[in-house]
Each structure stands twice: as C-alpha cells, then as structure tokens.
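Each chain, letter by letter, is given below.
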Amino acid sequence: MHRLVSLLYFVLGSWAISISSREAANASEAFITSVTLSSDGLSYYTVIGLGDMNFRVSLDTASSDLWIMASSCSTSACQTVPRYPLTYESATYQSVNENSTQFVAEYADGTIAGGFVAKESFHLSNLTVPNQAFALITDSNVTMTDDISGILGLGFPRISTINATSTNSTPFFPSLAQQGLLQYPLFGLSLTRNSTGTLSLGAIDSSVVTNLSNVEWNPVVEFSPFGNESNSSSYYQWAIPLTSLSVNGTSVALSPSYPTVTGNHSIAIFDVGTPGIYGPWADVSKLFSTFASARLVNEAVVGQWAVPCDSAITLSFTFGQRNFTLQPTDYIIGETSGDPGLCLAWPIALDPSPDGIDWQFGTPFMRTVYTVFSYGIDTLEPPMIGLYSLSNATTPESTSLINSFLASASEVIGTTLPNSLLLTPTATTPAYSFNTSVPASTGAIVQAALATSTYSPIFGAVTTIPDSATLNLSAIPLIQPLPTVATYTVTDSAGMISTSVSRISIPSIVLGAPPGWSSAGFTVRAPAFTLLLSFVVFPSLLSSLLHCTSLDFS
C-alpha cells in the first residue's frame, strides 16, 4: 500500500523529520519495530538489544517476563541458538543477589526454562530501558527456531515470576507505563502470514489502522486473588468477555465453564504466543456439529476436528457489539493425509481451565485484526483491548480460493483418521482457582499497578463497551514504520518526467555476541533496533501531503 505521510522529506540520502511542536514534545515516547513469523509458524519474533548485544525473542502476551538463553546452558535446546555470553563483562550488566535469585518458567506443553534473575540495559526500536530485570536461562527444554533466544512477555505484573521474587523488577511494558515513558500506555500488534508485521509501543500503527472509529474497545476482566494472595482483585491476563459465536450467521450458544463466577460470560484471552484457537468442549463440539461431515479426530491432538476442505463456511466471534469473521483460509490448518478431502481446523477443544478462561485466541485469529492492548491508568481507566478488523468480508470465500490456499499456503498433515465416528467426551470442570469471596468485575478501576495517573484518560471509567462517538479518538497517538520503498519522480529541464524506485536494504547484524567479541556469533539479515526510524503522527495531521515522493509500507 502506498501512503502519503505528513511532513517527511528525503534529503541527500538521509531521513529528516519535521514535526509539529506538539509532536516534538513527545516524539521520543512512541516506538515501532518489525515482527516476523518464525519458519515453523509457531511464534512471532522481534530483535532486541541487551547491553551491546542483539537477540531475537518471541513475543508473548500471556506471560510477563523477559528471558534469554545463557552460554552456560548445555541442553540441546540451548546449543542451537545464540546465547548471552556470561564470560563477557557487559558494562551495563547488574547481578541480582549475586545471581542467586532463581527463575523458573513452566509452560502448558510441559516444557520448562530455569535460570537466574539479572538486570541489563534493554533496547527495542529506538527505546532504551536501563536496568531491566530479565532471566538468564541455564537449563531448558524449550525448543526455539530461527535463532530465537528467548521470550519477551507483555502481560500484567501479577503473572511475573521475576516481579514476585525480586524488588524493583517490574516487567518491561508495565514499567514503561508506570513510569509514564510512553505517549500513551498501550501497545499494538499487526501480524501477517507471509511477511513482517509491527509491534508499536505508545501509539497505534496508522499504516494498518486507517479509521480509529472502527476499533472495537473492550474492558479487560479482573480476576480475584488466589487463596490468600491478597484481599483485592486485580488484572491477571489480557482477557475480555466473548459476547457470542455464530457459524455462517447462525448463532451457537456459548456454555461458560464457571457461569456463576463470570456472570454467565465466556472469558477469552488474546495471546500472540499461542499459534492456534482453543475453546471448551461444549462450545467447540456445537460449532463443528454445524459442518457437514465434520469428524472428531483426536489422533495426535485431543480435541482436534477435521472438516471438508471445501467448506464454504464462516466463523464469527462477537466482542462487544462487533462481529469478527474468520474465513476458511483463516481457520483451516491443512489437509489430512488419511483423507485428502478432509482438513484439520481451528478451534481445538480443551478441558475447562481452573482460571475460568474458556477461549484462547492466538495468531490465526490475531492475523485477521490489529490488536491494541491499552494498559489502563491508576484510579482513572481500566485496561482495554481494541480490535480492528482487517477485512469487512462476511460472505464465505469461494471454493477456488480455498483450493488455491491449500495448494500454496498449507501442508498435508500426517493423520490417521479413526475407523468410526468418535463421540464427544464429557469434560469435567475442575474447582475454580480463585478466591470467589473477593469480587472481581470487568473494567474495574484500581488504585495501583497500572499506568501512572499523570496520563489523561481517553476511555475513562468504563465497565461496558464504550461508544466510539463519545471518545476523543484524536488523542490516540499514531505511528508509522520506516518505509521499505521510496518512489522518486523527477522532471528534467526539458519537461520529461522519469520515475525510479529505491528499496531500502536490510543490513546484517550479529546475534548473541558484542562488537569485537572473539567467540563466533550468529550473523543474520534482520532489522536492527538502531536502524529502525519511526515518527509519531496525529489524526489531524494525516491529511498533510508528502512532497515529491511516495512511500511504500507494504
């Protein structure tokens, strides 16, 4: 897409930025960097800096901590990726309790990462955070690809292992919000299937979101404390109520696992670290019962369904007042080898989770929207999730388009189909994990742990879906990534017009080794944080025109 951007000029081969006085006061408080889908399709990663070293990290909105493999980790999972060299004396490294504060992260698939807590200067885009707490992993069976060395959590402090064991160790994004270091306490994610997307901090990527009034804002759900954890509720996950579900426009009744606790609402989490869509058995089985010839497979993955590959059926999930529609190419995983006419599909059914979160919307859904995570403001505003649909199509895709997708974008999955139809099992609901004697609500105003109250709230104290017409949307800061292509139009003295296109090359960087370090690093072509230029714009300025050149953000 070609987009004209306000007040940007290309001068003598270097970028110069001209911004208004309002922008100049806050231009350093919004940042943007690229994110890339890993080759195995399981995660999205970006490049960060620790001290004077670069690392790739997978993004995760369902955890809060940053961790990186350390050179002392000798497991096979560690040996294949760039690691933080413990023998290198980084000038910005700080030990925590002489490296004796333990860190352990356990994941739902049974993998584990363990090590110790430390602090280091952290870099992302043109942002620098000194003394950021993180974990150095010395033992792990978490498998990484594409030279990814760790995970960057973007969740709430309550789920942070580091924050619970070390003082002055607030996780990365909450720290930015609590210190007021961002233009506004939010971050946005643009995910793509075949190319890079963006992670923006403090502003929304206006190269993707072209109409703020079409963002559906949803207050986040509070959770009660665990046992005697505290005497008040707080924010725990990026979770909101799922209003309804429909298949080809026909409603499918939702069955919340803990209706008396959640006010008869199904709770849904948005997790960029989850490469799928998951729901409870009761809902998922009803959803697939509307597909002709759908079958429960339960082979390699319990709760997996297969549907006819030519199913011209849409799935619509309603959040707030707006429907968000998945086309077959969004929810089909790939063809089964046992029957090429059948395809595995999302969602997969899971047993009820004791935290009351019934639905997990990972990257197959998040690729269809731009997702905004607004952190909330102490005493003034709850956390919000904003969803901006990237497609307005509601009618099913054509069979030819689905066949083309299957031929080019998916894979044949080794699957042995059962000889007979399987019955849907009856799931057992475990005891609820939280202390229900302490009430929790959606969109509650809290006194602490969110962004500093020096921010001026855009949404205010809302417990229901706000009407966009009542919001001061012009106060939401916007940002755009560095263009990858510049088109120049030149008129010579004879009046002849010529056009040339210049593509900005991506330089090579070294992962896991400081400059001049004798140990071999991993050299890759990747956008380096020091080379990503970004600029903040506001809706009132978007009508301004760029002179003499057009810029391609695709």
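Residues numbered from 1 in each chain as written. Predicted model: local features only at pLDDT ≥ 70, side-chain atom pairs only at ≥ 80, totals over all residues. Heavy atoms only, no water.

- Where an unreviewed UniProt entry is consulted, the protein chain appears under the name Acid protease, with the organism given as Lentinula edodes.
- Of the protein chain, the UniProt comment under Sequence similarities (unreviewed entry) reads exactly: "Belongs to the peptidase A1 family." (UniProt positions renumbered as here; feature names shortened; annotations may be inferred.)

A short note on the overall build of the protein chain
- On a plain count of helices and strands, the protein chain comes out with eight helices and 41 strands.
- Here the protein chain holds 554 residues, and the buried ones make up 54% of them.
- A fraction of 73% describes how many contacts in the protein chain between residues 6 or more apart in sequence connect residues 24 or more apart.
- Of the roughly 22,800 Å² of accessible surface on the protein chain, a fraction of 52% belongs to carbon and sulfur atoms. (Helix = DSSP H or I, 4+ residues; strand = E, 2+ residues; numbered from the N terminus. Buried < 20%, exposed > 50% of the residue type's maximum accessible area, 1.4 Å probe, protein only. Contact = heavy atoms within 4.5 Å. Areas by Shrake-Rupley, 256 points an atom, 1.4 Å probe, with all protein chains shown as cover.)

Comments concerning the pattern of salt bridges
- On inspection of all chains with the given rule, the structure shows two salt bridges.
- With a closest N to O distance of 2.9 Å, E229 and R158 form a salt bridge. In this pair, E229 is assigned in the loop between β17 (222-223) and β18 (234-235) and R158 in the loop between β12 (148-153) and α3 (161-165), connecting sequence segments 71 residues apart.
- For E229, a relative accessible area of 41% puts it in the partly exposed group. (Salt bridge = Lys/Arg side-chain N within 4 Å of Asp/Glu carboxyl O.)

Quick notes on the sheet that holds strand β23 (residues 277-280)
- Ordered in space as β19-β22-β31-β23-β30, the five strands form an open sheet in which the pairing is mixed. Strand pairing shows two members of the sheet lacking a second neighbour, β19 (239-242) and β30 (348-350), which therefore form its edges. Taken over all neighbouring pairs, the strand axes of this sheet differ in orientation by 35° on average, direction set aside.
- In this structure, β23 lies alongside strand β31 (residues 357-361), joined through two bridges in antiparallel fashion. Each residue of the ladder has a partner; that of I277, found in β31, is F361.
- Sitting on the sheet, helix α5 (residues 281-288) touches β22 (266-270), β23, β30 and β31, and the angle it makes with β23 is about 110°. (Pairing = 2+ DSSP bridges. Axes fitted to C-alpha atoms, helices over the stretch in contact; angles between N-to-C directions.)

Things to note about the environment of R56
- One can find R56 in strand β6 (residues 53-60).
- C-alpha separation for the pair R56 and D147, spaced 91 residues apart in sequence, amounts to 6.8 Å.
- Among the polar contacts made by the side chain of R56, one reaches the main-chain carbonyl oxygen of D146 at a distance of 2.7 Å. (Polar contact = N/O pair within 3.5 Å; in protein donor to acceptor, adjacent residues only side chain to side chain.)

Here's the deal with the state of the cysteines
- Tallied over the entire structure, the rule returns two disulfides.
- The residue that forms a disulfide with C309 is C343, at a sulfur-sulfur distance of 2.1 Å. Given an S-S torsion of about 105°, the disulfide between C309 and C343 has right-handed geometry. You can see C309 sitting in the loop between β25 (305-308) and β26 (315-319) and its partner C343 sitting in strand β29 (residues 342-345), a full 34 residues away along the chain. Neither residue differs from the other here; C309 and C343 are each classed as buried. (Disulfide = S-S within 2.5 Å.)

A closer look at α5
- In terms of residue burial, α5 counts as a mostly covered element, since six of its eight residues are buried.
- Where α5 is concerned, the buried positions are W281, D283, V284, S285, L287 and F288.

Focus on helix α8 (residues 399-408)
- What α8 keeps buried is the set I402, F405 and L406. Taken around the axis of α8, the buried residues stretch over an arc of 95°, which confines them to a single face. Opposite the buried face of α8, by more than 90 degrees, sit the exposed residues S400, A407 and S408.
- Considering only its buried residues, α8 is in contact with α6 (328-331), β28 (332-336) and β29. (Arc of directions from axis to C-beta.)

Here's the deal with the packing of aromatic side chains
- For the structure shown, the criterion picks out 38 aromatic pairs.
- With a centroid separation of 5.8 Å and 70° between ring planes, the pair formed by F226 and Y236 is classed as edge-to-face. Placement of F226 in the loop between β17 and β18 and of Y236 in the loop between β18 and β19 is noted, with a sequence separation of 10 residues between them.
- Y236 gets classed as buried once you look at its relative accessible area, which sits at 13%.
- Relative to F434, the ring of Y432 has its centre 5.5 Å away and its plane inclined at 55°; by these criteria the two rings are tilted.
- By way of ring pairs, the aromatic residues F156, F173, F187, Y235, W238, F373 and Y375 are connected into one cluster. (Phe/Tyr/Trp six-rings, centres within 6.5 Å; stacked < 30°, edge-to-face > 60°.)

Focus: the sheet that holds strand β20 (residues 244-247)
- Strand order in the open sheet formed by four strands is β21-β20-β26-β27, and the pairing between neighbours is antiparallel. What marks the edges here is a single partner per strand, and that holds for β21 (250-252) and β27 (322-326). Averaged over all adjacent pairs, the angle separating strand axes in this sheet is 30°, with direction ignored.
- In this sheet, β26 lies alongside β20 in antiparallel orientation, the contact comprising four bridges. The residue bridging S246 from the neighbouring strand is S316, located in β26.
- Strands β20, β21 and β26 of the sheet are contacted by α5, whose axis makes an angle of about 155° with β21.

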